[in-house]
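# Summary of structural features
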Amino acid sequence: MWEAHRGIHVDQSELLCKEGCGYYGNPAWQGYCSKCWRKRNRSQPDQKRDTGPCPSVEGGKPLTFSKFEEKKSSEMSRRVNTMKRLFGGSRTPPKRGSEPADTQSVTSSAPQKSQPVDFTEFLKSLRKPSTQVLHRRCTAFLSSLESQRYLPVQKQSDLVQDFYQSIAGHFHSFPEEQSAPMMEHIEKLIMTRLYKWVFCPDSSDDEHRDLTLQRRIRALHWVTPQMLRVPVGEGRSEVNDHFLSAITAIIGMDAKRAPQDKLSCVFKCSQSIFTALASSNPEPANADDFLSGLIHVVLKANPPRLHSNMQYIIRFGLPHSLMAGESGYYFTNLCCAVTFIEKLNGLSLNLTPEQFEGYMQGRKPEERESPVSEPESEGLRLAKKNRELLGEIEKRQERVALGMREMEEELGKWVQSVHAQVQEIKAKAPLDVISTKS
């Protein structure tokens, strides 16, 4: 994927799913999109993805809530029936016309005339009688999943994705511009409640991976934009401001709870990078330039819990947000950037192994001029810029002073010329003053 002479290069075909479905793949799914990855795993029931004391799949069928709830006490039987209704679509005991009525009620729960423009309006709409079925299903799902906190995170992810698929099936008759925001609101409602249970859980190695990645990025503080072949100009404040906005956006991802909100931070970061590249280069930025800029931003920002945030989006985000569109493209590039940082070596930066090791150990190789540390480099760059500005101001002052002197000389010459002309006229035609006697 990477070419030494170019610095960083990625073929756009390598970002797509290995299955050839046309959606974006992801290194976390071994190059597959989320849909093909789950289909591939579920087609291999003999392969165990999680170990532990939790219940397993029986009979090669997908994991359901009822298998777990049957082992609970009798007080949980009501939740079992609720979840059976949630995924089964039928009621117990059955009533006449109940299944079509339930499906029709959930479908009608989406606003017909106007779509909620924000999450607050969506929450208000759940209080209406027409949306009570949807509200009950979300509440039942949250109650059941919160009672299953001991499940491995991958099984929790499967249950959440199954819930998304179940709810999305009832909006298939709606246009995408109406159903997509509804699903995003439902995702935010669900994951805001489940965040404290499923983000960086104890059943995963996310915390260890976060610390490892953070130490790796900290050790690469000496990598400069020039080494990454980022096409940015030197000393341009507007370019630095755009990169600073990108750094702020990627750092702010950790403060968000919903996967869509975290993806929005990635989107803002990527947009700021494209703006910075456009400000420093008249030619449009290509994919290689963007990826180089994204790697530079990640190295400069060293975002907190970056691995956990990415895994959280992968596990619990809406599939259509990761498989297609601008958000999916930007997030796929972020995963590629992190993979590049983890595997970074001298060849990736056009350095010899000795030079790379020297930088990693804190030594400044003699063969290549580069700042020892990023903060010192920034300070020297700002000092150089200030000196250049002072030099320009001094030149302006000299030009103004020279202009004033020239103007004074011209004014003196003009006064002398006028005085000489007056004297010449007086010599040619002298004035005789005749006094009158009274």
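Note that the structure is predicted; figures quoted are calculated from it, not measured.

For Asn309, the position within the fold is in helix 13 (residues 306-316). A residue is classified by how much of its surface remains accessible, and Asn309, at 0% relative accessible area, is buried. Each residue touching Asn309, except ones within four places of it in the same chain, is listed here: Phe199, Met253, Asp254, Lys262 and Pro304.

It is worth spelling out the confidence of the model for the protein chain at this point. On average, residues of the protein chain carry a pLDDT of 76, and 68% of them reach 70 or more. Here helix 2 (residues 65-69) is the element of the protein chain with the lowest mean pLDDT, 39, and helix 9 (residues 206-219) is the one with the highest, 95. Ignoring residues within four places in sequence, the model shows residues 46-114, a span with pLDDT below 50, making 87 contacts including any to other chains. Contacts from residues 367-376, a stretch scored under 50 in pLDDT, to residues over four places away or in other chains number 24 contacts.

Turning our eyes to something else, we now look at the pattern of salt bridges. Per the stated rule, a full pass over the model turns up 5 salt bridges. With its nearest N and O atoms 3.3 Å apart, the salt bridge here joins Arg193 to Glu146. Taken together, the residues span a long stretch of sequence, with Arg193 in helix 8 (residues 176-198) and Glu146 in helix 6 (residues 132-146) at a distance of 47 residues. You can call Glu146 buried: its relative accessible area is 17%. The salt bridge involving Glu424 is made with Lys428; its shortest N-O contact spans 3.4 Å. Within this pair, Glu424 and its partner Lys428 are both found in helix 17 (residues 374-428), separated by 4 residues, close to a single helical turn.

The rules behind each value
Residues numbered from 1 in each chain as written. Predicted model: local features only at pLDDT ≥ 70, side-chain atom pairs only at ≥ 80, totals over all residues. Heavy atoms only, no water. Helix = DSSP H or I, 4+ residues; strand = E, 2+ residues; numbered from the N terminus. Buried < 20%, exposed > 50% of the residue type's maximum accessible area, 1.4 Å probe, protein only. Contact = heavy atoms within 4.5 Å. pLDDT = per-residue confidence, 0-100. Salt bridge = Lys/Arg side-chain N within 4 Å of Asp/Glu carboxyl O.

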